[in-house]
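Reading the structure
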Amino acid sequence: MRALALVLLMAASDVSAAQRVYEGDEAAAIRCANMMAMTGVTLNAAGLMDDPEKNVLVGISVLILERHVSGNWNSKKRAMAAMRDRRDVVETLADYQRNAPGCLKRFPIN
C-alpha cells in the first residue's frame, strides 16, 4: 500500500511540475538565463564566439536557474524551453545587448 501511495505521489508531482507557471522575479530570472544561454549557443554556432566564452554564458544561465528559480530541474528546463520557443534569435540577441548587465545585477551568481 505504501509503495502504491509513493508511486501515485511521484506521478502527481510529475504532473504538477509539467503545469508549473513561473511569475515575477522567477520568470525574469528564466528570461535572463535563456538570454545568456541562447546568445552563447547562437554566436558560437555562427563562429562569432569561442567554446570557452559560450560555456561561460551557459554556466551563468545554469547558476541563475539554480540560485533564483524554485522547483526541480525538469520544471526549470521546461520553462527555459517555453521561453526559447516564444522568442526568436534576433529578439534574444537584442535582449542580450540591452539587458545582460542588468540581469547579472538583479540575479547575481556569486
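Keep in mind it's a predicted model, so treat the numbers as computed, not measured.

1. Some thoughts on the nonpolar core
Core analysis: the largest hydrophobic core is formed by 22 residues, its most contacted members being Ile30, Met36 and Ile64. Secondary-structure elements contributing two or more residues to this core are α2 (24–45), α3 (51–68), α4 (73–86) and α5 (89–106). The element that contributes the greatest number of residues to this core is α2, accounting for eight residues. Apart from residues lying up to four places away in sequence, Ile30 is in contact with Tyr22, Leu65, Val69, Ala79, Met80 and Met83.

2. Looking at the state of the cysteines
With the rule as written, the count across this model stands at one disulfide. Here Cys32 engages in a disulfide with Cys103; their sulfurs sit 1.9 Å apart. Linking Cys32 and Cys103, the disulfide has an S-S dihedral of approximately -70 degrees and is accordingly described as left-handed. Residue Cys32 is located in helix α2, and its partner Cys103 is located in helix α5; the two are separated by 71 residues in the primary sequence. Judged by relative accessible area, Cys32 falls into the buried class, the value being 7%. Residue Cys103 is classed as buried on the basis of its relative accessible area of 6%.

What counts, and at which threshold
- Residues numbered from 1 in each chain as written.
- Predicted model: local features only at pLDDT ≥ 70, side-chain atom pairs only at ≥ 80, totals over all residues.
- Heavy atoms only, no water.
- Core = buried A, V, L, I, M, F, W, Y, C linked by side-chain atoms within 4.5 Å.
- Buried < 20%, exposed > 50% of the residue type's maximum accessible area, 1.4 Å probe, protein only.
- Helix = DSSP H or I, 4+ residues; strand = E, 2+ residues; numbered from the N terminus.
- Contact = heavy atoms within 4.5 Å.
- Disulfide = S-S within 2.5 Å.

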